[in-house]
Amino acid sequence: MCGIVGVVSQTQVNQLLYDALLLLQHRGQDAAGIATDHNNMFSMYKANGLVRDVFRTRNMRSLLGTSGIGHCRYPTAGSSSEEEAQPFYVNAPFGITLAHNGNLTNQAELKQDMFRKDRRHINTDSDSEVLLNVLAHEIQEVSTSYSLDPDALFKAVAMVHRRVRGAYAVVAQIAGVGLLAFRDPYGIRPLCIGVNETDRGTEYLVASESVALEGMGFRFLRDIAPGEAVFIDNDSKLYEKQCADNPSLNPCAFEYVYLARPDSVIDGASVYATRLKMGEYLADKIRREIPSGEIDVVMPIPDSSRPAAIQLALKLGIEYREGFIKNRYIGRTFIMPGQGMRKKSVRQKLNAISSEFKGKNVLLVDDSIVRGTTSREIVQMARDSGARNVFFASAAPPVLFPNVYGIDMPTRDELIAHGRTVDEICREITADRLVYQDLDALKRSISDVNPALQNFEASCFDGVYVTGDVTPEYLDRLEHARNSPNKPQVEDAVRTQLNLNPPVAAE
Ligand SMILES: O=P(O)(O)OC[C@H]1O[C@H](OP(=O)(O)OP(=O)(O)O)[C@H](O)[C@@H]1O
Ligand SMILES: NC(=O)CC[C@H](N)C(=O)O
Ligand SMILES: [Mg+2]
């Protein structure tokens, strides 16, 4: 779940792209990049690190132009090396830059086809570079002259939909032509478009989340539909077309649980409102499982669980307190590369206020338990602070299956819930009681907010992969690749590039 952004404006866009990426930083902390188009000439800068660390004044100055795209990366394919930071660029049949959020499931086959049939060289292990080359090839097939019209671009996107499997929300810029954005036929990853009327003319901004539009002063126009493509030419004229044969909306449920910012609205559902609902449904379950009077206080695990915890406490009529304080200078731990770094960062990130725990029966609420890194540490911290009983509740159901659509959890073994009963997980995180949300209740939490949303990409909870091409053999291959001896070296390289200390414990 990277953050992507694209803009067509009438003034210089470098600062706008930078600021929009800052608003999407929570979607990817490993690398960032911006590419702009200035009179048919691209300028691009990308590197590993947070947005604010990647771009220096000199880089910003070189990013000239009134349109461009940006990306902040959380790697799910290939490695975290700087070469795989985005945007990617090709120079034929036109100059094209591309930024991608999601993950392809047939990138290996596509890569072979690129070489054998389409005679295109892919220089990294990134699935996004493959996607760009498929798009470029299809644009080549439809372009009959030196100029490109919107219809030709939409035909190329229709071909991309036929060839590519998996999740992809994309912004791409064609030098001297305009900005193309599209979403996969299942609408797994989010993408929306906003407009800003200025004295100089109309500006359009496409972004992963509405928070980026709002933060940049753009009026939210709408979500881009699954399978749809929009094209904004360099004169700010907007064209739109459904390019998929059988589109159906299946947004990723995990966006609502954790990935997205709560102040975003995705596919018509406020993320904050869905998290409040998650808290309400979870309260109902807790009422059934833990006798009333046994819980003295409800506490969130900052940040993402707060809305659910607040509403849960309200519904149960139990006091809500903040027992853990977050160090705001440490990023999100779940999306960090490497278990050692994640584990160390939980302790650096959260600190307990002992007086809030002493002699109390506390119910800790988190949005999800994935590898159990956070919950294990947090339960221990609550005990060290003198809690009598530590109950734990998760606003999401057990995460049992790998995600192949843009969240980096490709192996079953790393998931704490895989192959364990709830009691066993409870013992593993050393809590006194553990309560998980039911999947049905999670889905209702989103549907209650927008009844038009009935189908979800929820594979990490139910093992159903909406794209239909993810077989057990595919998952085995993925696990095998992830567990290959190269992996620690990749993480070490990332750690060095990001200038991070070595982890306390090896994986
Ligand atoms: O079981 P785990 O593998 O630890 O993953 C789950 C935890 O990771 C996330 O927090 P994170 O620190 O990434 O971000 P947040 O501040 O947005 O909650 C999430 O909110 C859970 O707390
Ligand atoms: N999380 C994502 O959206 C990642 C995009 C792409 N698969 C990459 O690894 O760069
Ligand atoms: Mg968290």
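Residues numbered from 1 in each chain as written. Chains lettered and ligands numbered in written order. Predicted model: local features only at pLDDT ≥ 70, side-chain atom pairs only at ≥ 80, totals over all residues. Heavy atoms only, no water.

## Regarding the site of ligand 1
- In the neighbourhood of ligand 1, 18 residues make up the surrounding shell, with Ser304, Lys349, Asp366, Asp367 and Thr374 lying closest.
- A distance of 3.1 Å is found between an oxygen atom of ligand 1 and a backbone nitrogen or oxygen belonging to Asp303.
- Expressed as a share of its isolated accessible area of 500 Å², the protein-covered part of ligand 1 is 97%.
- Its residues placed into classes, the shell around ligand 1 shows 5 nonpolar, 6 polar and 7 charged. (Near = heavy atom within 4 Å. Polar contact = N/O pair within 3.5 Å; in protein donor to acceptor, adjacent residues only side chain to side chain. Areas by Shrake-Rupley, 256 points an atom, 1.4 Å probe, with all protein chains shown as cover. Nonpolar A, V, L, I, M, F, W, Y, C, P; charged D, E, K, R; others polar.)

## Thoughts on the sheet that holds strand β22 (residues 433–436)
- The strand order across the open sheet built from 5 strands is β17-β16-β20-β21-β22, with neighbouring strands paired in parallel fashion. The outermost strands of the open sheet, each flanked by one partner alone, are β17 (319–320) and β22.
- Here 4 bridges tie strand β16 (residues 297–300) to strand β20 (residues 361–366), and the two strands are oriented parallel to one another. Paired with Val298 across the bridge in β20 is Leu363.
- Sheet contacts for helix α10 (residues 306–316): β16, β17 and β20; angle to β16, the most-contacted strand, approximately 165°. (Pairing = 2+ DSSP bridges. Helix = DSSP H or I, 4+ residues; strand = E, 2+ residues; numbered from the N terminus. Contact = heavy atoms within 4.5 Å. Axes fitted to C-alpha atoms, helices over the stretch in contact; angles between N-to-C directions.)

## Some details on the domain arrangement of the chain
- Taken domain by domain, the chain consists of domain 1 (3–248) and domain 2 (271–327 + 347–482).
- At the interface, 13 residues of domain 1 touch 11 residues of domain 2.
- In this assembly, domain 1 packs against domain 2 so that about 1000 Å² is buried in total across both faces, 57% of it on carbon and sulfur atoms.
- On inspection of domain 1 and its partner domain 2, the count reaches 0 salt bridges.
- Remark: the boundary between domain 1 and domain 2 carries 5 residue pairs in polar contact (both at pLDDT 80 or more).
- Elements that contribute at least two residues to the side of domain 1 that touches domain 2 include exactly β6 (96–104) and β7 (166–174).
- Sort the elements by how many residues they give to the side of domain 1 that touches domain 2 and β6 lands first, with 3 residues.
- Partitioned by chemical class, the residues of the side of domain 1 that touches domain 2 number 6 nonpolar, 5 polar and 2 charged. (Domains from an automatic or database assignment. Buried area = accessible area lost by both parts, 1.4 Å probe. Salt bridge = Lys/Arg side-chain N within 4 Å of Asp/Glu carboxyl O.)

## What to know about the UniProt feature "active site" (unreviewed entry) in the chain
- Under the UniProt annotation, the feature "active site" (unreviewed entry) is placed at Cys2.
- By the element assignment, Cys2 lies in the segment before β1 (3–8).
- In this structure Cys2 touches Arg27, His71, Cys72, Arg73, Tyr74, His100, Asn101 and Ser208, once residues within four positions along its chain are discounted. (UniProt positions renumbered as here; feature names shortened; annotations may be inferred.)

## Points about the pattern of salt bridges
- Tallied over the full model, the rule gives 32 salt bridges.
- For the salt bridge of Arg27 with Glu255, the shortest nitrogen-to-oxygen distance reads 2.9 Å. Taken as a pair, Arg27 in the loop between α1 (14–23) and β2 (31–38) and Glu255 in helix α8 (residues 253–259) lie far apart in primary sequence, 228 residues in all. Neither Arg27 nor Glu255 differs from the other in exposure class; each is buried.
- One salt bridge connects Glu280 with Lys277, and the closest N-O pair in it is separated by 3.9 Å. Of this pair, Glu280 and Lys277 both sit in helix α9 (residues 271–289), 3 residues apart, which is roughly one turn of the helix. (Buried < 20%, exposed > 50% of the residue type's maximum accessible area, 1.4 Å probe, protein only.)

## Comments concerning the packing of α9 against helix α14 (residues 439–447)
- The geometry of α9 relative to α14 is characterised by a closest axis approach of 8 Å and an angle of 140° between their N-to-C directions. In this view, α9 runs oblique relative to α14, as classed from their interaxial angle. Seen along the crossing, α9 lies across α14 with a hand that is right-handed. Residue-level contacts link Thr274, Lys277, Met278 and Tyr281 of α9 to Ala441, Leu442, Arg444, Ser445 and Ile446 of α14.
- Looking at the contact of α9 with α14 residue by residue, the class counts come to 5 nonpolar, 2 polar and 2 charged. (Parallel < 35°, antiparallel > 145°, perpendicular 65-115°, else oblique. Left-handed = near helix turned anticlockwise from the far one by under 90°.)

## Quick notes on the pairing of strand β13 (residues 238–242)
- Where strand β12 (residues 228–233) lies against β13, 5 bridges are found, and the strand directions are antiparallel. Counterpart to Ala229 in the pairing with β13 is Lys241.

## Concerning the site of ligand 2
- As a structural note, the neighbourhood of ligand 2 is formed by 15 residues, with Met1, Cys2, Arg73, Gly102 and Asp127 the closest of them.
- One nitrogen or oxygen atom from the main chain of Ala77 is found 3.2 Å from an oxygen atom belonging to ligand 2.
- Within the side chain of Asn101, a nitrogen or oxygen atom sits 2.8 Å from an oxygen atom of ligand 2.
- Expressed as a share of its isolated accessible area of 300 Å², the protein-covered part of ligand 2 is 100%.
- The set of elements that each furnish at least two residues to the shell around ligand 2 consists of β6 and α5 (127–142).
- Looking at the shell around ligand 2, the element that brings in the most residues is β6, giving 4 residues.
- In terms of residue class, the shell around ligand 2 is built from 5 nonpolar, 8 polar and 2 charged.

## Re the nonpolar core
- In terms of nonpolar packing, the biggest core is built from 54 residues, with Phe254, Ile286, Phe334, Leu363 and Phe461 touching the most fellow members.
- Counting residues per element, the ones that place at least two in this core are α8, α9, α10, β20, β21 (389–394), α14, α15 (459–462) and α16 (472–482).
- Among the elements that make up this core, the one with the highest residue count is α8 (6 residues).
- Here this core spans two domains, since at least three of its residues come from each of domain 1 (3–248) and domain 2 (271–327 + 347–482).
- Not counting chain neighbours up to four residues away, the residues in contact with Leu363 comprise Ile286, Ile295, Val297, Val298, Met299, Leu312, Phe391, Phe392 and Ala393.
- Core analysis: the second largest hydrophobic core is formed by 35 residues, Met114, Val157, Ala172 and Phe182 among them. (Core = buried A, V, L, I, M, F, W, Y, C linked by side-chain atoms within 4.5 Å.)

## Digging into the pairing of β12
- With respect to burial, β12 is a largely interior element, 6 of its 6 residues being buried.
- Both faces of β12 are covered, namely the face carrying Glu228, Val230 and Ile232 and the face carrying Ala229, Phe231 and Asp233.
- Relative to β12, strand β8 (residues 178–183) is paired through 5 bridges, and the arrangement is antiparallel. Paired with Leu179 across the bridge in β12 is Ile232.
- The hairpin turn running from β12 into β13, its antiparallel successor, is 4 residues long, and Ser236 in that turn takes a positive phi close to 65°.

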